[in-house]
Amino acid sequence: MKISELLKSKEITISCELFPPKKGSELQKAHDLVREIAQLCPTFISVTYGATGGISEHTVNLANEAQNVNGITALAHLTCASSDRNKIQEVLGELKQNKIENILALRGDIPENADFPLPNQYRHASELIAEIRAFGDFCIGGACYPEGHPEAESVEADIDNLKRKVEAGCEFLTTQMFFDNNILYSFLYKALKKGIHVPVIAGIMPVTNVSQMKRIGALSGSVLPQRFRMMVERFADNSAALKQAGIAYATEQIIDLIANGVGHIHIYTMNKPDVAGAIMHNLSEIYKA
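Every value quoted in this text rests on a predicted model; they were computed, and no experiment measured them. (Residues numbered from 1 in each chain as written. Predicted model: local features only at pLDDT ≥ 70, side-chain atom pairs only at ≥ 80, totals over all residues. Heavy atoms only, no water.)

J.: Talk me through helix α4 (residues 85-97); I want residue IDs and the actual numbers.
T.: The first and last C-alpha atoms of α4 sit 18 Å apart over 13 residues, in line with the 18 Å expected at 1.5 Å per residue. Among the residues of α4, I88, V91, L92 and L95 are the ones counted as buried. The buried side chains of α4 occupy one side of the element, clustering within an arc of 105° when seen end-on. Turned more than 90 degrees from where α4 packs its buried face, N86 and Q97 sit exposed. Those residues of α4 that are buried lie in contact with α3 (59-69), β3 (74-79), β4 (102-106) and α5 (125-135). For α4, the N-terminal capping position is held by D84, with its side-chain oxygen 3.1 Å away from the main-chain nitrogen of N86. (Helix = DSSP H or I, 4+ residues; strand = E, 2+ residues; numbered from the N terminus. Expected span 1.5 Å × (residues − 1). Buried < 20%, exposed > 50% of the residue type's maximum accessible area, 1.4 Å probe, protein only. Arc of directions from axis to C-beta. Contact = heavy atoms within 4.5 Å. Polar contact = N/O pair within 3.5 Å; in protein donor to acceptor, adjacent residues only side chain to side chain.)

Put into structure tokens, the structure is as follows:
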């Protein structure tokens with residue numbers, strides 16, 4: 001089923017993301033991971049393409065495993081920073097063959113020492129979205145950044161670029177992680193003011209260890225609220241307590257979002273189905289409401 005239809009038909013959705021293994025020998029473990037996440041009954045499962053394309057060959061495989069083996073709608077990531085136009089066409093054909101009809105179209109992280117873009121590459125996600133739309137019969141999603149893309153001049157300039165994605169054919173948006181809901185609410189207001197009316201799925205990252213927090217600060221530049229920092233500092237030396245606190249923080253974020261009308265939630269699971277499962281258990285009655 002197309003995700004645009006799911007978002008229209010359900011007031012509250014909870015989806016989960018997983019990433020493929022770095023080595024082909026670990027693919028069976030990834031199939032087990034897909035099954036474990038599918039047992040949580042998310043609205044859909046999102047399968048990443050790999051930060052630099054090195055593991056992209058497994059995306060279609062795991063999307064197929066989610067949808068055609070485990071019965072959960074799959075969203076396959078597709079990036080243009082690490083793929084040329086010929087590769088994009090090849091992957092689109094594979095997705096079509098496997099009846100995967102949902103794609104999250106991204107520029108992706110530019111590989112180190114890469115000469116980007118090459119003549120046969122797309123420069124922006126909006127160009128990739130237009131190409132997928134021309135290929136036909138895919139539901140296309142895109143990424144958005146409540147705090148602004150790190151390379152954008154400002155949040156306003158980033159929203160202008162976001163509108164180009166929507167105009168190119170993007171039917172829904174998934175946010176980068178954020179830890180202060182007020183940042184999202186402000187972003188949604190600005191997006192609506194710019195005439196962006198497609199559904200926005202709020203991306204939530206449960207932080208359950210100290211190394212995660214360090215990576216988040218280094219890679220995303222996300223604003224970390226004082227109460228979040230205090231939580232991590234308080235339980236930094238107790239891994240079990242920090243895991244429980246991180247799950248509670250993510251749960252609280254989601255409850256506040258749903259209470260304020262943001263009903264579409266995406267959990268960045270970091271391939272930890274137990275963490276995603278704990279959050280969904282905390283929301284069991286809310287999810288059914």
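That was the structure; now back to the text.
J.: Explain the pairing of strand β8 (residues 264-268) residue by residue, including any values.
T.: For β8, the tally of buried residues reaches 5 of 5 residues, placing the bulk of the element in the interior. The two faces of β8 match: H264, H266 and Y268 on one face and I265 and I267 on the other face are all buried. The pairing of strand β1 (residues 13-18) with β8 spans 5 bridges and is classified as parallel. The partner of E17 across the bridge, within β8, is Y268. Relative to β8, strand β7 (residues 200-204) runs parallel, the two being bridged by 3 bridges. What sits directly across from G203, in β8, is H266. (Pairing = 2+ DSSP bridges.)

J.: I'd love a proper account of the side chain of T73, names of residues and values included.
T.: Residue position: T73 is located in the loop between α3 and β3. Contacts of T73, omitting those with residues within four sequence positions, involve M1, I3, L6, T43, F44, I45, Q67 and N102.

J.: Outline the nonpolar core, listing residues and values.
T.: Ranked by size, the top nonpolar core spans 64 residues in total, and within it L78 and I132 carry the most contacts. Non-local contacts of L78, meaning those with residues more than four positions away in its chain, are made with Y49, I88, V91, L92, I103, L104, A105, L106, L128 and I132. Of all hydrophobic cores here, the second largest spans 14 residues; its members include F179, V207, F228 and M231. (Core = buried A, V, L, I, M, F, W, Y, C linked by side-chain atoms within 4.5 Å.)

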